[in-house]
Amino acid sequence: MTGLNHVTRRGAVYIWRRRLPARVSKTSYIQISFRTSRFSTAKILANIVNSGFEACNERMKSKRITKTEAQRFLSDLVAQKLEQIEEERYYEPDAPTPEEWWQRYLAQRSRAVASRLVAARGCAAELLPEDNAELGKGGYSEQDLSCIHKEIAALKTEIATPEYEASSRAMAEADLGRPDCDAPALRAVRSLRLVAQAEALERFDRRKVASPYPNLDLDLPPAISDHLHLVNLDPPKPLERRRYSDEITSIVSD
């Protein structure tokens, strides 16, 4: 027995060995040779390596979605939503009357506003007097506000279903590398999904986008392209699945 935590002596040298956290690997160990036979040197190295490993371990316990991860996730979601809306719009039958077209437009615009409100407030979302006043200044009528109210109620019902939670967990695991998604991370995924929906709906504004193609790469004068709000999303970058593996490796190097 050496009297040092996680240190054993093999032959003429001291070895430090620890199991990796289960969230990183259920079977793997990390092992470092101290390359010394002196107990005093091994004791100093053991303290340094144990301290570094514990600090790294504490960071790995955090499942908080970083700003960079959220941005990549959101960019990918918006691209997917745009493709979905484009597909639906392509096969959508012509509106038989101007009134029918207007109702479709109101429903889309109202759902975009409702999505942003529910993303920010969750199941507590509701149109407050301040919201009504601000939307009124933006040109929303009483009919618009009524539509938004209905969309908020529908979204609150949707996000409370087990199916929505299950799909959010699946997305957190597949796209963010979090198989054990805790409540705050799950709430963040839900919010990002709703923001992506609002962003896609706003970019596919029926009054401003030439249906059903919002992403045509046309060489138009700036004034026209600005009016059409043509979208040119950068392709999403691949996500890093394990955020702190490099730091564990750096402990070995040190």
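Since we're looking at a predicted model, the values are computed, not measured.

1. Considerations on the nonpolar core
Stage number 1. Counting residues in hydrophobic clusters, the biggest one holds 22 residues, and the most contacted among them are Ile-65, Phe-73 and Val-189.
Stage number 2. Broken down by secondary-structure element, the contributors of at least two residues to this core are α2 (67–91), α6 (162–176) and α7 (183–203).
Stage number 3. Val-189 has contacts with Ile-65, Phe-73, Ser-168, Ala-172 and Leu-176, leaving out every residue within four places of it along the chain.
Stage number 4. Among the nonpolar cores identified, the runner-up in size contains 16 residues, and Leu-117, Leu-135, Leu-145 and Tyr-164 belong to it.

2. Brief notes about α6
Stage number 1. Over its 15 residues, α6 runs 20 Å from end to end, which matches the ideal 21 Å to within 8%, given 1.5 Å per residue.
Stage number 2. Among all positions of α6, only Tyr-164, Ser-168, Met-171, Ala-172 and Leu-176 are buried. For α6, the arc enclosing every buried residue in end-on projection is 105 degrees, short of the 170-degree limit, so these residues lie on one face. In α6, the exposed positions that point more than 90 degrees away from the buried face belong to Pro-162 and Glu-163.
Stage number 3. Of the surrounding elements, those touching the buried residues of α6 are α2, α5 (142–159) and α7.
Stage number 4. Backbone geometry just downstream of α6 places Gly-177 in the positive-phi region, at approximately 65 degrees.

3. Some points on the sheet that holds strand β1 (residues 7–10)
Picture the strands of a sheet paired through backbone hydrogen bonds; they go either parallel or antiparallel.
Stage number 1. With respect to topology, three strands assemble into an open sheet ordered β1-β2-β3, the strand pairing being antiparallel. Edge strands, defined here as strands with exactly one partner in the open sheet, are β1 and β3 (29–33). Averaged over all neighbouring strand pairs, the angle between strand axes comes to 30 degrees, with direction disregarded.

4. Observations regarding a nonpolar patch on the surface
Stage number 1. Judged by side-chain polarity, Tyr-90, Tyr-91 and Tyr-213 come together as a nonpolar surface patch covering roughly 390 Å² of accessible area.
Stage number 2. With relative accessibility at 62%, the residue Tyr-91 sits in the exposed group.

5. With respect to the environment of Val-113
Stage number 1. Residue placement: Val-113 occurs in helix α3 (residues 98–121).
Stage number 2. By relative accessible area, Val-113 is classed as buried at 15%.

6. Considerations on the packing of α3 against α5
Stage number 1. α5 packs onto α3 with a crossing angle of 55 degrees between their chain directions and a minimal axis gap of 8 Å. With respect to α5, the axis of α3 lies oblique. Regarding α3 and α5, the two cross each other, and that crossing is right-handed. Residues Gln-103, Leu-106, Ala-107, Arg-109, Ser-110, Arg-111, Val-113, Ala-114, Ser-115, Leu-117 and Val-118 of α3 touch α5, and the partners they reach there are Gln-143, Asp-144, Cys-147, Ile-148, Glu-151, Ile-152, Leu-155, Lys-156, Glu-158 and Ile-159.
Stage number 2. Across the contact of α3 with α5, the residue classes break down as 11 nonpolar, four polar and six charged.

7. So, the confidence of the model for the chain
Stage number 1. On average, residues of the chain carry a pLDDT of 81, and 76% of them reach 70 or more.
Stage number 2. Per-element confidence in the chain ranges from a low mean pLDDT of 40 for helix α8 (residues 222–228) to a high of 95 for α5.
Stage number 3. Under a pLDDT of 50 for its full length, residues 220–236 has, in the predicted model, 22 contacts with residues more than four places off or in other chains.
Stage number 4. Low pLDDT, under 50, characterises residues 239–246; the stretch is placed with 19 contacts to residues that sit more than four places away or in other chains.

What counts as what
- Along each chain, residues carry numbers from 1 onward, in the same order as the chain's sequence is written.
- For this predicted model, a pLDDT threshold of at least 70 governs which residues receive local features, and a threshold of 80 or more governs which side-chain atom pairs are given and counted, while totals over whole chains, interfaces and linings are taken from all residues.
- With hydrogens and water excluded, all non-hydrogen atoms of the structure serve as input to the side-chain values.
- Nonpolar core, defined: a set of buried Ala, Val, Leu, Ile, Met, Phe, Trp, Tyr and Cys residues in which side-chain atoms within 4.5 Å join the residues together.
- Note on exposure labels: buried denotes an accessible area under 20% of the residue type's maximum, exposed denotes more than 50%, and partly exposed covers the range between, all computed with a 1.4 Å probe on protein chains only.
- Helical segments are the DSSP runs of H or I of at least four residues, strand segments are the runs of E of at least two, and each set is numbered from the N terminus.
- Any two residues having at least one pair of non-hydrogen atoms within 4.5 Å are treated as being in contact.
- A helix is expected to reach a length of 1.5 Å times the quantity of its residues less one.
- Taken from the helix axis, the directions to the C-beta atoms give the arc we talk about.
- When DSSP finds at least two bridges between two strands, those strands are taken to pair.
- In this description, a line fitted to the C-alpha atoms serves as the axis of each element, helices being fitted only across the stretch in contact, and the angle between N-to-C directions of two axes falls anywhere from 0 to 180 degrees.
- Surface patches are drawn from residues lacking salt bridges whose relative accessible area is over 30%; two like charges belong together within 9 Å, two nonpolar side chains (Val, Leu, Ile, Met, Phe, Trp, Tyr) within 5 Å.
- Here the open area of atoms and residues is found with the Shrake-Rupley method and a 1.4 Å probe, where only the protein chains shown may cover a residue.
- By definition, a salt bridge exists where a carboxyl oxygen of Asp or Glu is found within 4 Å of a side-chain nitrogen of Lys or Arg.
- Orientation categories follow fixed angle ranges, with anything under 35 degrees roughly parallel, anything over 145 roughly antiparallel, 65 to 115 roughly perpendicular, and all other angles oblique.
- Each helix crossing is assigned a hand: it is left-handed if the near helix lies turned anticlockwise from the far helix by less than a right angle, otherwise right-handed if that turn is clockwise.
- Amino acid classes used here: Ala, Val, Leu, Ile, Met, Phe, Trp, Tyr, Cys and Pro are nonpolar; Asp, Glu, Lys and Arg are charged; the rest, including Gly, are polar.
- pLDDT is a residue-level measure of predictor confidence that goes from 0 to 100.

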